Amino acid sequence: MHLLKSNLLAMALLCLVITSCSKEDSVEVEAAKYDIDLALAQKNDSQMSSEILSLVNDHRLSLGLSALIIDNQYSSAFAVKHTEYMINKEQVNHDNFGYRSEGIKYHDDAEVVGENVAYGYETAEAVVSAWLNSPGHKAIIEGNYTHTGFGVMKCAKGRSYFTQLFYRK
């Protein structure tokens, strides 16, 4: 019986040693979970994104809302990655939005994140007009956000795909 208790105690201590980790370890695991290549943001069509941002900000300012600040780092990298995903699937979607949201919250200290997606529009005016004519997309554009990032790219067939992420710090 004494040997059994000793073995159980040893196993319990071993489990404790194996499963314990420091705060630094959990921070590293969290960082790795939301790791993204910032170079992805360079794939974004910055000209089209700039035009979209100008139109979105004109609309926001006309309502007395603050202009959005462009983030060409994490939110744009996450947006480009999602746009590439949509191009590969050949469909517009919000798949894995929770991951993008948590990644932006982690890297940019965002409080809340929103997203608009689209495809097939040839101009900034056309995509922004479509978003403003859709109640859900319009609500995101007019939402309480401070920053935005873009993933605007053309697929091999020449169609444009759009991801615009919005967040508030």
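One can find the structure itself at the top, above this paragraph.
Described below are features of the structure shown in this document. (Residues numbered from 1 in each chain as written. Predicted model: local features only at pLDDT ≥ 70, side-chain atom pairs only at ≥ 80, totals over all residues. Heavy atoms only, no water.)

## Considering the packing of helix α4 (residues 74-89) against helix α5 (residues 97-108)
Now for step 1: Their axes nearest at 9 Å, the elements α4 and α5 cross at an angle of 160°. The angle between the axes of α4 and α5 places the two elements in the roughly antiparallel class. The handedness of the crossing between α4 and α5 comes out as right-handed. Along its contact with α4, which presents Y74, S75, F78 and H82, the element α5 presents Y99, R100, G103, I104, H107 and D108.
Now for step 2: Grouping the constituent residues of the contact of α4 with α5 by class yields four nonpolar, four polar and two charged. (Axes fitted to C-alpha atoms, helices over the stretch in contact; angles between N-to-C directions. Helix = DSSP H or I, 4+ residues; strand = E, 2+ residues; numbered from the N terminus. Parallel < 35°, antiparallel > 145°, perpendicular 65-115°, else oblique. Left-handed = near helix turned anticlockwise from the far one by under 90°. Contact = heavy atoms within 4.5 Å. Nonpolar A, V, L, I, M, F, W, Y, C, P; charged D, E, K, R; others polar.)

## Here's the deal with the packing of aromatic side chains
Now for step 1: Scanning the entire structure with this criterion turns up five aromatic pairs.
Now for step 2: Summarising the aromatic geometry, the rings of Y34 and Y106 are spaced 6.0 Å apart at their centres and angled 35° between planes, so their arrangement reads as tilted. Of this pair, Y34 sits in the loop between α2 (23-33) and α3 (46-62) while Y106 is found in helix α5, placing the two residues 72 residues apart along the sequence.
Now for step 3: An aromatic cluster is defined as three or more aromatic residues linked by ring pairs; in this entry it consists of Y34, F78, Y99 and Y106. (Phe/Tyr/Trp six-rings, centres within 6.5 Å; stacked < 30°, edge-to-face > 60°.)

## Points about the environment of A79
Now for step 1: Tracing the chain through its elements places A79 in helix α4.
Now for step 2: For A79, a relative accessible area of 0% puts it in the buried group.
Now for step 3: With 38 residues separating them along the chain, A79 and V117 place their C-alpha atoms 9.5 Å apart. (Buried < 20%, exposed > 50% of the residue type's maximum accessible area, 1.4 Å probe, protein only.)

## So, α4
For an α-helix the count is 3.6 residues per turn, leaving residues at separations of three or four pointing the same way.
Now for step 1: With 16 residues, α4 should cover 22 Å at 1.5 Å per step; its first-to-last C-alpha distance of 23 Å lies within 8% of that length.
Now for step 2: Buried residues of α4: Y74, S75, S76, A77, F78, A79, V80, H82, T83, M86 and I87, and no others.
Now for step 3: Elements in contact with the buried residues of α4: α5, β2 (112-119), β3 (147-154) and β4 (160-168). (Expected span 1.5 Å × (residues − 1).)

## Quick word on α5
Now for step 1: Between its first and last C-alpha, α5 extends 16 Å over 12 residues, near the 16 Å set by a 1.5 Å rise per residue.
Now for step 2: The complete set of buried residues in α5 reads R100, S101, G103, I104 and D108. Taken down its axis, α5 places every buried residue within 165° of arc, on the same side.
Now for step 3: Where α5 is buried, its residues meet α4, β2 and β4.
Now for step 4: Once α5 finishes, D109 follows within two positions and takes phi at roughly 55°, a positive value. (Arc of directions from axis to C-beta.)

## Some remarks on the pairing of β3
Now for step 1: Among the eight residues of β3, seven are classified as buried, and the element is accordingly described as predominantly covered.
Now for step 2: Across two bridges, strand β1 (residues 69-70) lies against β3 in parallel orientation. Among the inter-strand pairings, I69 is bridged to a residue of β3, identified as H147.
Now for step 3: As judged from the eight bridges shared by β3 and β4, these two strands associate in the antiparallel manner. Across the sheet, residue G149 finds its bridge partner in β4, namely L165.
Now for step 4: Count of turn residues in the β3/β4 antiparallel hairpin: five residues, of which G158 carries a positive phi of about 90°. (Pairing = 2+ DSSP bridges.)

## Details of the sheet that holds β2
Now for step 1: With respect to topology, four strands assemble into an open sheet ordered β1-β3-β4-β2, the strand pairing being mixed. Each edge of the open sheet is held by one strand with a lone partner, namely β1 and β2.
Now for step 2: Bridge analysis of β2 against β4 gives eight bridges, and the strand direction is antiparallel. Bridging from a neighbouring strand, N116 pairs with Q164 of β4.
Now for step 3: Most of the contacts of α3 go to β3, to which it runs at about 135°, and overall it touches β1, β3 and β4.

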